[in-house]
Amino acid sequence: MVNVNISNRIGKYTTFLCAVLIITITIAIIALIAFKGLSTFTRDGVSLRSFLFTTNWNPDATASEGGPFVGALPFIAGSVAVSLLALLFSAPFGIGIAIFMSEISAGWGRRIMQPVIELFVGIPSVVYGWIGLSVLVPFIRNHIGGMGFSLLAGSIVLAIMIFPTLASVSTDSFNANPADIREASLALGVTHWQTIFMVMFPAAMPGVLTAIVLALARAFGEALAVQMVIGNAIRLPTALLSPMHTMTSIITMEMSNTVMGTVSNDVLWSIAFILLLISFTFIMLIRTINRGRAVR
Amino acid sequence: MITPRNSDRIAAVIFYLIAFLVSALLAALIGYILWQGLRVINWHFLISPPSFEAGGGIGPEIFNSLMLLVLTMILTVPLGLGVGIYLSEFAGDNQVTRMIRICIETLASLPSIVIGIFGLLLFVTILKWGFSILSGVMALTVLNLPVMSRIAEDAIGNVHKDLREASLALGATQWQTIVNVVLVAAIPGLVTGIILSSGRVFGEAAALLYTAGVTTPALQFHNLNPFSSNSPFYLFRPAETLAVHIWKVNSEGVAPDSRQIADGASAILIIMVLLFNVTSRWLGRLIYAKKTGQ
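Residues numbered from 1 in each chain as written. Chains lettered and ligands numbered in written order. Predicted model: local features only at pLDDT ≥ 70, side-chain atom pairs only at ≥ 80, totals over all residues.

(A) View of the overall build of chain B. Across its full length, chain B carries ten helices and zero strands. Ordered by position in the sequence, the α and β elements of chain B form the string α-α-α-α-α-α-α-α-α-α. Dimensions of chain B, computed from the C-alpha atoms along their principal axes, are close to 70 × 65 × 40 Å. With 294 residues in all, chain B has 48% of them scored as buried. Of the contacts made within chain B by residues no fewer than 6 positions apart, 75% connect residues no fewer than 24 positions apart. (Helix = DSSP H or I, 4+ residues; strand = E, 2+ residues; numbered from the N terminus. Buried ≥ 20, exposed ≤ 12 C-beta atoms within 10 Å, placed from the backbone. Contact = placed C-beta atoms within 7 Å.)

Now the structure itself:
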């Protein structure tokens, strides 16, 4: 029989090793992507300024043609535009559902909406992309204008995909409000809506902001669904009905067409590195928002 | 006239309307997928391999998806449990613990395409595993590990303190308490979480494009030798999954009936996800009822 004290110690160290593995994986990912992403600037001699702020994208152009041109601004601006627009479409519904589930109909309404939200989460992103492609894109083409593949199509698909994050995190935040403040407000003769709007909503604000940041993080990182409907044209997102590109969609499309170690491949890693930095920023934002509150 | 009483009523109506719209959208989405897909699905579609001509199926893709799911779960469940147990039972309030939590958060927030190209670099290129089941499983493990760790930590953390203390008071060691008392009490939460995250893994495509690949070699399903290259169980063969197939059919579909194929594959994917969802609820409830003797 194994000595119980030894098994106790073995157990502790085994689980600790699992935790160390997570740290190792995280550091490995960050190190590899940073190394590959930075080599665009260190080895290939591309200037950070032209990468971030110019719009001319032709990494295959030879030096005699004045290349390589690696202006990634269209992709960065595209990701920002499609994510913010998706948030704009989705936030009223996500926060509205949170209020509905926590304040308006916490009984049967919640029992119905909870599985609804979970099913929205469950639908895989390629299926969202596929519906966008077969329903939304033709609809926009026939009834609104343009080719259909557009910023509008991308942000509507994304809006549906980030809705569950917005709804569930905001709901948790509303539910965490102490019942006392609601009752105090109602006891003062304030109506239900006024209580929600002026008491419950401000109290839930940090949680709602967390929900918004998490939703944005998901929007920035989504690749295939957006890539399928957004048209993948390299241009600045200036019109709702024009096709455009995002950071994730250029990585998805070009990674297999480029050879490792070339400038055209390295810049894709630089874009991935920017995605990584963006998710760091979001994590820091969430930590700042929740500073002083119990948060995992 | 807009009195506080009226605006209260209007607000209530608007919130009910939002809830109705959202539910209607979900019903429309799922209804549309199933309606479009079920017209395509038949036995031939489910078992035959894809083809360049009309009439191809998705048999190997379904097999690949299930294979990747099972292998990923075999890796992530124990590892995630380990992290969950450590964080909820052993971890002190110190730098190391904070570091672990930051890493879990970071991993969880990484875009899956970034995990995919990390897999392309490390597993496919540096370790020379090529586009293979093994590379795909590793990428999915990286993707699912933070999720699994959180599920495990939550499920274990929700076990009542009394149970732990009762066990320790009987003279059990901490490890005996964890294995024989805490983990057993955490089973409903664990099972629900594992099945729900299986649904996510099953539908993942972005992390697999550049790891498990977008092709499947011709497989001999009667060849069960895992070391032979046309065996379905050969770990170093490319394995296009159902979700990846939907993407590929759309972006480079050559078969004339690629629209029908994507419809059918989407429906299968949705049906599987619904199954995972229902099973997790049902199992969670069943285990809870058994344990509490109701």
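Picking up after the structure, the text goes on.
(B) Structural detail: the overall build of chain A. Helix and strand counts for chain A come out as eleven helices and two strands. The secondary structure elements of chain A, listed N-terminal to C-terminal, are α-α-β-β-α-α-α-α-α-α-α-α-α. Seen along its three principal axes, the alpha-carbon backbone of chain A occupies a region of about 75 × 70 × 35 Å. Counting all 296 residues of chain A, 48% fall into the buried class. Within chain A, contacts between residues at least 6 apart in sequence are counted, and of these 71% link residues at least 24 apart.

(C) The arrangement of the packing of helix 6 (residues 133–157) of chain B against helix 8 (residues 174–203) of chain B in detail. Residue and element names in this part refer to chain B. Direction vectors running N to C along helix 6 and helix 8 enclose 150°, while the axes themselves pass 9 Å from each other. By the angle class used here, helix 6 and helix 8 are roughly antiparallel. With respect to the hand of their crossing, helix 6 and helix 8 are arranged in right-handed fashion. Across the interface between the two elements, Leu140, Asn144, Val147, Met148, Ile151, Ala152, Asp154, Ala155 and Ile156 of helix 6 pack against Val182, Ala186, Gly189, Leu190, Gly193, Ser197 and Val201 of helix 8. (Axes fitted to C-alpha atoms, helices over the stretch in contact; angles between N-to-C directions. Parallel < 35°, antiparallel > 145°, perpendicular 65-115°, else oblique. Left-handed = near helix turned anticlockwise from the far one by under 90°.)

(D) Layout of the interface of chain B and chain A. On the side of chain A, 63 residues touch chain B, which itself brings 65 residues to the contact. If you list the elements that add at least two residues to the side of chain B that touches chain A, you get helix 1 (4–38), helix 3 (59–90), helix 4 (95–109), helix 5 (112–126), helix 6, helix 8, helix 9 (242–252) and helix 10 (258–292) of chain B. With 15 residues, helix 1 of chain B is the single largest residue contributor to the side of chain B that touches chain A. Split by residue class, the side of chain B that touches chain A holds 46 nonpolar, 16 polar and three charged. (Nonpolar A, V, L, I, M, F, W, Y, C, P; charged D, E, K, R; others polar.)

(E) Up close: the confidence of the model for chain B. Scored by pLDDT, chain B has a mean of 86; 97% of the residues are at 70 or more. Here the complex is predicted with pTM 0.90, and the ipTM for its interfaces comes to 0.89. (pLDDT = per-residue confidence, 0-100.)

(F) Region of the structure containing the packing of helix 8 (residues 192–221) of chain A against helix 1 of chain B. Running from amino to carboxyl end, helix 8 of chain A crosses helix 1 of chain B at an angle of 75°, the nearest separation of the two axes being 7 Å. On the basis of their axis angle, the class for helix 8 of chain A and helix 1 of chain B is roughly perpendicular. In this structure, helix 8 of chain A contributes His192(A), Trp193(A) and Gln194(A) to the contact, and helix 1 of chain B contributes Pro4(B), Ser7(B), Asp8(B) and Ala11(B). Here the contact of helix 8 of chain A with helix 1 of chain B is built from residues that sort into three nonpolar, three polar and one charged.

(G) Representation of helix 3 (residues 73–104) of chain A. All names here are of chain A. Given a rise of 1.5 Å per residue, 32 residues ought to cover 46 Å, and the 44 Å separating the end C-alpha atoms of helix 3 matches this to within 8%. Roughly 45° is the biggest bend found in helix 3, and it falls at Ser90, with proline Pro92 one to four residues downstream. In terms of residue burial, helix 3 counts as a mostly covered element, since 23 of its 32 residues are buried. (Expected span 1.5 Å × (residues − 1). Bend = angle between axes of the 7 residues up to and from the residue.)

(H) How the structure looks around unusual backbone geometry. Of note in the backbone geometry, Asn232(A) takes a positive phi value of approximately 55° without being a glycine. Relative to the helices and strands, Asn232(A) is located in the loop between helix 9 (224–229) and helix 10 (247–254). Unusually for a residue other than glycine, Lys128(B) sits at a positive phi of about 60°. Within the fold, Lys128(B) resides in the loop between helix 5 and helix 6. The exposure class of Lys128(B) is exposed, given the 9 C-beta atoms found within 10 Å.

(I) Representation of the environment of Ala77(A). Summarising the element assignment, Ala77(A) is placed in helix 3. Among residues more than four places away in sequence, those in contact with Ala77(A) are Leu236(A) and Pro237(A).

(J) Representation of the environment of Ile271(B). For Ile271(B), the position within the fold is in helix 10. Sequence-wise, Ile271(B) and Ser51(B) are 220 residues apart; in three dimensions their C-alpha atoms are separated by 23 Å.

(K) The environment of Leu81(B), seen in detail. Mapped onto the elements, Leu81(B) comes out in helix 3. Taking the C-alpha atoms as reference, Leu81(B) lies 7.3 Å from Met148(B); in sequence the two are 67 residues apart.

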